[in-house]
Amino acid sequence: GVFRMQRWRDYDETDKRHLCNMVFGSFWFIYVILILWWGAMVTEGRYNARLARFIKNLDTAAHPDDMFAVGAGREGCDLIVKMTPILRAILYTLMLLPKLIINVVLLVLGTVWLAATDRFEDLILNAVALE
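So, how was this worked out
Residues numbered from 1 in each chain as written. Predicted model: local features only at pLDDT ≥ 70, side-chain atom pairs only at ≥ 80, totals over all residues. Heavy atoms only, no water. Axes fitted to C-alpha atoms, helices over the stretch in contact; angles between N-to-C directions. Helix = DSSP H or I, 4+ residues; strand = E, 2+ residues; numbered from the N terminus. Parallel < 35°, antiparallel > 145°, perpendicular 65-115°, else oblique. Nonpolar A, V, L, I, M, F, W, Y, C, P; charged D, E, K, R; others polar. Buried < 20%, exposed > 50% of the residue type's maximum accessible area, 1.4 Å probe, protein only. Lys, Arg positive; Asp, Glu negative; His and termini not counted. Salt bridge = Lys/Arg side-chain N within 4 Å of Asp/Glu carboxyl O. Polar contact = N/O pair within 3.5 Å; in protein donor to acceptor, adjacent residues only side chain to side chain. Contact = heavy atoms within 4.5 Å. Left-handed = near helix turned anticlockwise from the far one by under 90°. Core = buried A, V, L, I, M, F, W, Y, C linked by side-chain atoms within 4.5 Å.

Contact pair helix H3 (residues 27-57) / helix H4 (residues 85-115): the axes reach a minimum separation of 10 Å and the direction vectors enclose 175 degrees. Judged by the angle between their axes, H3 and H4 are roughly antiparallel. The residue makeup of the contact of H3 with H4, split by class, is 18 nonpolar, five polar and four charged.

Given below as structure tokens:
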């Protein structure tokens, strides 16, 4: 764009102050806040990926009765040691896929929401609210 000095002089003083107080006036501040937000979302994504790998690495059970090791856990708790293919598909479809979709949508909408904030105080409050 082209800076036009006369148009800037004619611009309303209140609007000038509002424009100059925008968060994007301080690149590093917004950058750090966004990095923290992205880090939180990446951490959640990694947790979901770890859970998906755990489910994938369980052996396959032919029958639901073969899924449990009775009393094998701490304090005599039952453990899931195998998983039927249908249960694995249900877990992927009803638990992991929605979590992935929510994670991506939150990443995008949270970034847009934080970037649309026009005051430093509101940016801090919005970042805390997102967390």
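Relative to the elements of secondary structure, Arg88 occurs in helix H4. The side chain of Arg88 sits in the buried core without any salt bridge; Asp59 is the nearest counter-charge, 7.2 Å away. At a separation of 3.3 Å, a polar atom in the side chain of Arg88 contacts the main-chain carbonyl oxygen of Met83. Leave out the neighbours within four places in its chain, and Arg88 touches Ile55, Lys56, Leu58, Asp59, Thr60 and Met83.

Positionally, Thr84 belongs in the loop between strand E4 (82-83) and H4. Not counting residues up to four positions away in its chain, the partners in contact with Thr84 are Ala61, His63, Pro64 and Met67.

What follows covers the packing of H4 against helix H5 (residues 120-130). Viewed as axis vectors pointing N to C, H4 and H5 meet at an angle of 165 degrees, and their least axial separation amounts to 9 Å. Relative to H5, the element H4 is oriented roughly antiparallel. The crossing of H4 and H5 is right-handed. Listed contacts from H5 to Gly110, Trp113 and Leu114 of H4 are Leu123, Asn126, Ala127, Ala129 and Leu130. Of the residues contributing to the contact of H4 with H5, the split by class is six nonpolar, two polar and no charged.

Moving on: the nonpolar core. Formed by Ile30, Ile33, Leu34, Trp37, Met41, Leu114 and Leu123, the largest nonpolar core amounts to seven residues. The leading source of residues in this core is H3, at five residues. If sequence neighbours within four positions are ignored, Leu114 has contacts with Ile30, Ile33, Leu34, Trp37, Leu123, Asn126, Ala127 and Leu130.

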